[in-house]
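The lines below spell out each chain.
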There are 4 protein chains.
Amino acid sequence: MTAAQTPYSYRRTVRWGDCDPAGIVYTPRVFDYVLEAMEGWYRDVVGIDWVTLNQGMGMGAPTVRAECDFMRAPRPDQVLDLEVRIERVGRGSLTFVVTATDEAGQHYFRSLMVACFVARGEDGFDSIAIPDDIRQRIVAYQGACGDS
Amino acid sequence: MTAAQTPYSYRRTVRWGDCDPAGIVYTPRVFDYVLEAMEGWYRDVVGIDWVTLNQGMGMGAPTVRAECDFMRAPRPDQVLDLEVRIERVGRGSLTFVVTATDEAGQHYFRSLMVACFVARGEDGFDSIAIPDDIRQRIVAYQGACGDS
Amino acid sequence: MTAAQTPYSYRRTVRWGDCDPAGIVYTPRVFDYVLEAMEGWYRDVVGIDWVTLNQGMGMGAPTVRAECDFMRAPRPDQVLDLEVRIERVGRGSLTFVVTATDEAGQHYFRSLMVACFVARGEDGFDSIAIPDDIRQRIVAYQGACGDS
Amino acid sequence: MTAAQTPYSYRRTVRWGDCDPAGIVYTPRVFDYVLEAMEGWYRDVVGIDWVTLNQGMGMGAPTVRAECDFMRAPRPDQVLDLEVRIERVGRGSLTFVVTATDEAGQHYFRSLMVACFVARGEDGFDSIAIPDDIRQRIVAYQGACGDS
């Protein structure tokens, strides 16, 4: 694990263009925020960015299940802090919980995302076990968060 | 209910720009597709577009919960048919199930979305019961789909 | 040239989620529409989709200059027809003019896009002349549009 | 003018999801970056965010012309600094030049955007002169940048 903060947090300001004519964040943009937070987590906590994982290592960790509960609708200029925690490390799958709060601690949404590790085979991508070195860093992070 | 097809189906071609450097649809775009299908369903089945609902009637039906299971990753130029069905009509909430298949009938993803009806009050938006005329059209659609 | 219509036209309905809190299309989405029209034009007129061009042929045609004049701001549910014409075929570059109108013939925007053909070399991508077979189809299309 | 930096600069990291299957930023996303930089400039330099301008003041400054030259294609994780300068202050229009560079000073793109001030009238939005207090802050910024 790199020297990233624990738990990992990603700050995101809601943009005018993320919002719809009702003046609130358009629902799918919330998943953009969640994926951005996860992308940063891979890079800063696991130490592997998605270009390296995909093109350098011939692997990937696509989302196989996504969930989100929306408590409050964010508006333009709202600053959100998205905290990334690991709920479960399976043999080949990883379950994230990403929660968004403002500076006052009010909750905006809570997302659960399940990713499944795959590697390029002869005929497309096959499911694999999470490689050991990656697993160790994830388990260490989980422990540092007090979630293991 | 208008003379829309039953169940309502929305055809969407995957764009190059919807896909990421791994060559598959970037996860959040799937929720763009789901919301586009729901937007069309409101307009064509309920008979009320979102601008009218929001600005004309002072109402809304924001998503309070989103789920999606991903079976297959779509690639550019893939044509998907998103079928919109109503799983449950609550007092003030509506549960959609949106499934995406290709022409061969293969499944790509299945999303469950819960919307909650609200109306503009003195101090923001308040939860309301689904208005009767809207409810009747939804229940009729549900019946026509054989889902009630 | 395939049996595509001449000039090539791409129909796009403005989505709720393409619009911002002012209720009109968020400016960058117009370039999404223009690129979608160009993507369809390559596939249907030139006969080569972007995945094939990029991954199969090791080539690309990235945008090197983009321009757009906005006459009217589209709103949700507006149906736009984007017409794709070729203003100039250079040795290695291609200049598109894409105009968007509604069914009444009112203009919404007019975009000029310059693409530059490249091929994967030893050290990244290098500029190339437009391959002859592609050039011939483009010139034929231009002629069929009465633009040559 | 507030105590914002001069010239105003907006830092943006390229996301995996901003990039297409060719591995580079999908062209329309560049205009997302440019608009985000302009949105921040209004808030931090002029002192008026777009929600206040639109909903509080009944005004807007929609883009009437957009241009961009692309020198280099950014890839995921590239950190870009977008500098916002004012090329011209017209009676009712404002011309921005936004340039993106990396930390080594290499140029990625240069965009020119023309916005036109409007106010809500009886029948839609009408062109107006830039309000005096806004104009003064813009001219002061332009001077501080050495561009007037």
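This text follows the structure it describes.
Bear in mind that the values here come from a model prediction, so they are computed numbers and not experimental data.

Draft legend 1. Representation of the interface of chain B and chain A. With 21 residues of chain B at the contact, the number on the chain A side is 21 residues. In total, chain B and chain A occlude about 1900 Å² of area from one another, counting both sides; carbon and sulfur atoms represent 49% of this. Inspection of the chain B/chain A interface yields six salt bridges. Asp69 of chain A serves as the salt-bridge partner of Arg65 of chain B, at 2.9 Å between the closest nitrogen and oxygen. Inspection of the region where chain B meets chain A yields 10 residue pairs in polar contact (both at pLDDT 80 or more).

Draft legend 2. Geometry of the relation of the copies chain B and chain A. Once turned by 180 degrees and shifted 0.0 Å along the axis, chain B lies on chain A with an RMSD of 0.0 Å. Taken together, the rotation and translation describe the operation of a two-fold axis. When C-alpha positions in chain B are compared against the rotation axis, the closest is assigned to Glu67 of chain B, at 2.1 Å. When the interface residues of chain B are mapped onto chain A, 100% of them are again interface residues, pointing to one common binding face.

Draft legend 3. Summary view of the sheet that holds strand β8 (residues 124–127) of chain D. Residues and elements named next belong to chain D. In spatial order, the strands read β2-β7-β8; together these three strands make up an open sheet with antiparallel pairing. The outermost strands of the open sheet, each flanked by one partner alone, are β2 (59–60) and β8. With two bridges connecting them, β2 and strand β7 (residues 118–121) associate as antiparallel partners. The residue of β7 that forms the bridge with Met59 is Ala119.

Draft legend 4. Highlighting the packing of aromatic side chains. Enumeration over the complete set of coordinates arrives at 26 aromatic pairs over all chains. Here the aromatic rings of Trp41 of chain D and Tyr141 of chain D are separated by 5.7 Å at their centres, their planes lie at 75 degrees, and the arrangement is edge-to-face. One end of the pair, Trp41 of chain D, is in helix α1 (residues 27–46); the other, Tyr141 of chain D, is in helix α3 (residues 132–144), and 100 residues separate them in sequence. By the burial criterion, Trp41 of chain D is buried, and Tyr141 of chain D matches it. In this structure an aromatic cluster arises from ring pairing among Trp16 of chain A together with Trp41, Tyr42, Trp50, Phe96 and Tyr141 of chain D.

Draft legend 5. The arrangement of the pattern of salt bridges in detail. Overall, the coordinates contain 52 salt bridges over all chains when judged by the stated rule. Each of Arg65, Glu67 and Asp69 of chain A together with Arg65, Glu67 and Asp69 of chain B takes part in one network of salt bridges that share partners.

Draft legend 6. The arrangement of the sheet that holds strand β7 (residues 118–121) of chain A in detail. Sheet architecture is open: three strands sit in the order β2-β7-β8 (chain A), paired in antiparallel fashion. Strands at the two margins of the open sheet, each flanked by one partner only, are β2 (59–60) and β8 (124–127) of chain A.

Draft legend 7. Spatial organisation of the pairing of strand β1 (residues 8–13) of chain B. Residue and element names in this part refer to chain B. By the alternation rule, side chains of β1 split into Tyr8, Tyr10 and Arg12, which are all buried, and Ser9, Arg11 and Thr13, of which none is buried. Looking at chain direction, β1 and strand β4 (residues 79–89) are connected through six bridges and run antiparallel. Looking across to β4, one finds that Arg11 is bridged to Asp81.

Draft legend 8. The relation of the copies chain D and chain C, seen in detail. Overlaying chain D on chain C yields an RMSD of 0.0 Å, the required transformation being a rotation through 180 degrees with an accompanying axial translation of 0.0 Å. Take the interface residues of chain D: 100% of them recur as interface residues in chain C, which is what a same-surface contact looks like.

Draft legend 9. Fine view of the interface of chain D and chain C. Opposite the 21 residues of chain D that make contact, chain C presents 21 residues. Between chain D and chain C, the buried area comes to about 1900 Å², and carbon and sulfur atoms account for 49% of it. Considering only the side of chain D, the residues that lose the most area to chain C are Tyr26, Arg65 and Phe70 of chain D, jointly responsible for 22% of the buried surface there. Counting across the chain D and chain C interface gives six salt bridges.

Calculation notes
- Residues numbered from 1 in each chain as written.
- Chains lettered and ligands numbered in written order.
- Predicted model: local features only at pLDDT ≥ 70, side-chain atom pairs only at ≥ 80, totals over all residues.
- Heavy atoms only, no water.
- Contact = heavy atoms within 4.5 Å.
- Buried area = accessible area lost by both parts, 1.4 Å probe.
- Salt bridge = Lys/Arg side-chain N within 4 Å of Asp/Glu carboxyl O.
- Polar contact = N/O pair within 3.5 Å; in protein donor to acceptor, adjacent residues only side chain to side chain.
- Least-squares fit on C-alpha atoms with pLDDT ≥ 70 in both.
- Pairing = 2+ DSSP bridges.
- Helix = DSSP H or I, 4+ residues; strand = E, 2+ residues; numbered from the N terminus.
- Phe/Tyr/Trp six-rings, centres within 6.5 Å; stacked < 30°, edge-to-face > 60°.
- Buried < 20%, exposed > 50% of the residue type's maximum accessible area, 1.4 Å probe, protein only.

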